[in-house]
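One letter stands for each residue in the lines below.
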Amino acid sequence: MPFLRYLLIITSIFIVSCTAANSNIKSIAAGDVAKFIKESPQAAQHPNSGASLLYSYTYVEIFPTGDSVLRDVKRYKIFNERGQHHAVKSISYREGYQEVKIFFANTIKPNGQVVPLDKKDIHDSSRFSSYDFYTDIREKRFTMPAVEDGCIIEYAYQIKNLQPMISLDYHGKFFFQYFEPIEEDIMEIVLPANVELKIKKFKNAAAPVVTHEGNRKKYTISSFKQKEIIPEPRMPALWDNETFPQLHFWTLDDWNKVSRWYMPLVKEQMQPDKEITDFTRQLIQNAKTEEEKIREIFNFVAQKVRYVAVLLGPYSHKPHAARDIFQKLYGDCKDKTVLLLAMLKVAGIEALPALVPANGEFFDETTPSLDSFNHVIAVVPAGLNKYYWLDATNEVASFDAVPFFRPTTVFLIKPDGSCLFVKTPDVDSKKDFISTVNNFSINQEGDAQIEVANTFYGKAAESTRYSFKHRTPEERKKFFERMGIEVKDIVYGSFTDTDKPFFVNVKGSLKNLAQKIDDKTLVLNNMFSQDTYKDITAAKERSYPVRLRSSFFARDKYFFKFPAGYQIKNLPALPAIDRPFKYRSEKFAFADSILTYVLETKNFDYKIPAAGIVEFKLFAAELQKRDSSIKSIIMEKK
């Protein structure tokens, strides 16, 4: 029905008046749809992908006034249900600070029928309506109609940025590969002629093409006919610029523009009033040292001031006044930090704000932009290269703990607006570790009475303390019952005294801890298993490096008391493993009917390059043999 098709095409193209000046922003519905479908990639060509990115066009223009516009077009061929997540789109924006306009959104069915998105199916709501947030961040959300295997979906929209935080601050990344094949991916960045776009290239990424258009410069980045990234176990993240080709770009000349913009916001809001001053002085009246004062103030802000994100109006980056936070006893990271700074000031202690990067592992100190950060903490200098790292959003942290599990470079801002980068310390295996003592008294049937003492020290205590703090007593009991333990008693450490280790001690019984083979044989099965990298050794081929992650140091002691007369058939003797990515020491002993097993282990962050995979597989294969040798510990009655 040509007339019906004509009407559908007219309905679908509600972009012409808005985008006629840019030929890259157009719907395929205006052209030869049948030809486009015929020439598009087929599912059989990409069995590992749920969709193909047929066309991506991103246009960013920064105006001399500092405001900007972003226009984005996406077009996907949907192969199967694994690609249907592309049919749901959310566009975030800040009410009053940004404006969103949707140019078009269409589904083109395999038979060529164009099904436009009905405007009434575009929903506008708060992005964080289900959370305890105060925010003006909203979302326009829609789901594409008539989606089926073999269809094509397309949409185009625009976001106008009306009130930038820092004028002419723009930064971003362009990835030349994704987890789906790319037919055509174009990005255009238009800047005033006097503003330079700084660029870093990684993994043979192509440089942008630069053209001059009057008083503007345009940088065009293109990527065509790129194969999909096929995921592999423990592969590096897409942001890993040593593995995946990408461009990084930014506009600011240095970080001083960020620090000098941010510090006045903090200074203005961190002034203590009489109520804060009087309260702080009373809080620290018994504190004799600076360290004790820091502890008292930090514990109050971290534990007594609720975390509630406030991203409203100017307060997306600007903290509220310390007096308001103190009165309301809630705030987000920047609010809790500014209250902490104000109270420390009353105590005569200089503390500084530090911005924390959103993606610390891949943060680049050479690409200045406010957009790099999404968190803020307070830092107290305490001598040469020593600091107290105070993350007041962490209610279970000790005041003298390292702030993050992995070392992270933070952006420290001084009172005069100058700045420096400081890397937070790594966890210390002598202070931040896990210790368990497990006693099992096993009867003739293989059932056991158990007493387990788990103690978590330093940074290692935080996640467990938080988890158990926010569970009901019954939920805590169920945690152990899911392990098969019939609980008789549970004793916990303090949920609020974060300077002390946190412990969980459990007494109870466990059925069939040992397998009874006959009246003279008991077997412990799978008691001492470990990660032997089977997901790596199982694959015959691999394209990408292996990214191994660190862990806390752990020391575990197991005591298995068997009925009198039982002897171990073969006492394992295992050499220690000491590799750059793994330390493991296992020692077995048997005396007076008690089998003792002592394990010490720690994993380290490490990347094994593709060229080293063969050697790593050989190591993993030996590790698997080692693991198999202790899967079954046979005890025989003599």
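Here, every reference points to the structure presented above.
S.K.: Looking at this structure, how should I read the pattern of salt bridges?
M.R.: Considering all chains together, one arrives at 42 salt bridges under this definition. For E242, the salt bridge goes to K607, with nearest N and O atoms at 2.7 Å. Taken together, the positions of E242 in the loop between β14 (216-226) and β15 (246-250) and K607 in strand β36 (residues 606-608) put the pair 365 residues apart, joining distant regions of the chain. On the basis of relative accessibility, which here comes to 24%, the residue K607 falls in the partly exposed class. Salt-bridge contacts for K478 lead to E481; the nearest nitrogen and oxygen are separated by 3.4 Å. Of the two residues, K478 and E481 both sit in helix α10 (residues 473-481), three residues apart, roughly one turn of that helix. For K478, a relative accessible area of 38% corresponds to the partly exposed category. Using a relative accessible area of 28% as the deciding quantity, one classes E481 as partly exposed.

S.K.: Explain the packing of aromatic side chains to me, please; I cannot follow it from the model alone.
M.R.: Aromatic ring pairs are defined here through the distance separating the ring centres and the angle between the ring planes. Considering all chains together, one arrives at 43 aromatic pairs under this definition. Between F433 and Y457, the ring centres sit 4.3 Å apart and the planes meet at 15°, which makes this aromatic pair stacked. Pair noted here: F433 is in strand β24 (residues 433-442) and Y457 is in the loop between β25 (448-456) and α9 (462-469), with a separation of 24 residues, a long-range link. Here F433 falls in the buried class, since its relative accessible area comes to 12%. Grouped by ring-pair contacts, the aromatic residues F440, F528, Y558, F560, F588 and Y597 constitute a single cluster. Geometry around F604 places K602 over its ring, the cationic atom sitting 5.3 Å from the centre.

S.K.: Sorry, what's going on with the packing of helix α6 (residues 290-304) against helix α8 (residues 333-346) here?
M.R.: The description of two helices packed together rests on the angle between their axes and the distance between the axes. Close contact between α6 and α8 brings their axes to 10 Å; oriented N to C, the two are set at 150°. Judged on the interaxial angle alone, α8 and α6 are roughly antiparallel. Remark: the crossing between α6 and α8 carries right-handed chirality. Touching I294, I297, F298, F300, V301 and A302 of α6 are K336, L339, L340, M343 and L344, all from α8. Residue classes in the contact of α6 with α8 are distributed as 10 nonpolar, no polar and one charged.

S.K.: Please clarify how the pairing of strand β13 (residues 209-213) should be interpreted in this entry.
M.R.: Note on strand geometry: in a regular strand, side chains alternate between the two faces of the sheet. The sheet contact formed by β13 and β14 spans five bridges and is antiparallel. Residue pairing in the sheet places V209 in a bridge with T220 of β14. The hairpin turn running from β13 into β14, its antiparallel successor, is two residues long, and G214 in that turn takes a positive phi close to 65°.

S.K.: What should I look at first to understand the environment of K602 in this one?
M.R.: Its location among the elements puts K602 in strand β35 (residues 594-603). Residues K602 and A554 lie 48 residues apart in sequence; the distance between their C-alpha atoms is 6.5 Å. Non-local contacts of K602, meaning those with residues more than four positions away in its chain, are made with V427, S429, S551, F552, F553, F581, K582 and Y583. Looking at K602, its side chain comes within polar contact range of the main-chain oxygen of S551, at 2.6 Å.

S.K.: What's the story with the environment of T277 in this structure? I'm lost.
M.R.: Counting through the fold element by element, T277 comes out in helix α5 (residues 274-283). Residue T277 is classed as buried on the basis of its relative accessible area, which comes to 14%. Not counting residues within four places of it along the chain, the set of residues in contact with T277 comprises P272 and V346.

S.K.: Could you clarify how one ought to interpret the sheet that holds strand β28 (residues 514-518) in this entry?
M.R.: Think of a sheet as strands paired side by side through backbone hydrogen bonds, with each pair either parallel or antiparallel. The four strands lie next to each other as β28-β29-β37-β32, forming an open sheet whose pairing is antiparallel. In this open sheet, the two edge strands, each paired with only one partner strand, are β28 and β32 (566-568). Taking the axes of each pair of neighbouring strands and ignoring which way they run, one obtains an average angle of 30° across the sheet.

S.K.: Would you take a moment to explain the sheet that holds strand β23 (residues 419-423) for this structure?
M.R.: One open sheet holds the five strands; their spatial order is β21-β20-β19-β22-β23, and the pairing between them is antiparallel. Pairing within the sheet leaves two strands with one partner each, and these edge strands are β21 (387-390) and β23. Each adjacent strand pair in this sheet contributes to an overall mean axis angle of 35°, direction not counted. Note that strand β19 (residues 352-357) and strand β22 (residues 409-413) share two bridges and pair antiparallel.

S.K.: So what exactly am I meant to see when it comes to helix α12 (residues 613-629) here?
M.R.: Every α-helical turn comprises 3.6 residues, leaving residues that sit three or four positions apart pointing alike. A rise of 1.5 Å per residue sets the reference length of α12, with its 17 residues, at 24 Å; its end C-alpha atoms lie 24 Å apart and thus fit the reference within 8%. Taken together, the buried positions of α12 are I613, F616, K617, F619, A620, L623, Q624, R626 and D627. Tucked into the core, α12 has its buried residues touching α11 (534-537), β30 (546-548), β33 (577-579), β34 (582-591) and β36.

S.K.: Can you walk me through the environment of D253 in this structure?
M.R.: Its location among the elements puts D253 in the loop between β15 and α4 (256-269). In contact with D253, not counting residues within four places along its chain, are K198 and P368. At a separation of 2.7 Å, a polar atom in the side chain of D253 contacts the side chain of K198.

S.K.: Can you help me understand the nonpolar core in this one?
M.R.: Most often, soluble globular proteins have nonpolar side chains that are buried together. Counting 47 residues, the largest nonpolar core has L339, L340, L344, L355 and L390 as the members making the most contacts within it. Secondary-structure elements contributing two or more residues to this core are α4, α6, α7 (322-328), α8, β20 (373-381), β21 and β22. Looking at this core element by element, the count peaks at eight residues for α8. Of all hydrophobic cores here, the second largest spans 36 residues; its members include I450, V487, V506 and L599.

Cut-off values and rules
- Residues numbered from 1 in each chain as written.
- Predicted model: local features only at pLDDT ≥ 70, side-chain atom pairs only at ≥ 80, totals over all residues.
- Heavy atoms only, no water.
- Salt bridge = Lys/Arg side-chain N within 4 Å of Asp/Glu carboxyl O.
- Helix = DSSP H or I, 4+ residues; strand = E, 2+ residues; numbered from the N terminus.
- Buried < 20%, exposed > 50% of the residue type's maximum accessible area, 1.4 Å probe, protein only.
- Phe/Tyr/Trp six-rings, centres within 6.5 Å; stacked < 30°, edge-to-face > 60°.
- Lys NZ or Arg CZ within 6 Å of the ring centre and 35° of its normal.
- Axes fitted to C-alpha atoms, helices over the stretch in contact; angles between N-to-C directions.
- Parallel < 35°, antiparallel > 145°, perpendicular 65-115°, else oblique.
- Left-handed = near helix turned anticlockwise from the far one by under 90°.
- Contact = heavy atoms within 4.5 Å.
- Nonpolar A, V, L, I, M, F, W, Y, C, P; charged D, E, K, R; others polar.
- Pairing = 2+ DSSP bridges.
- Polar contact = N/O pair within 3.5 Å; in protein donor to acceptor, adjacent residues only side chain to side chain.
- Expected span 1.5 Å × (residues − 1).
- Core = buried A, V, L, I, M, F, W, Y, C linked by side-chain atoms within 4.5 Å.

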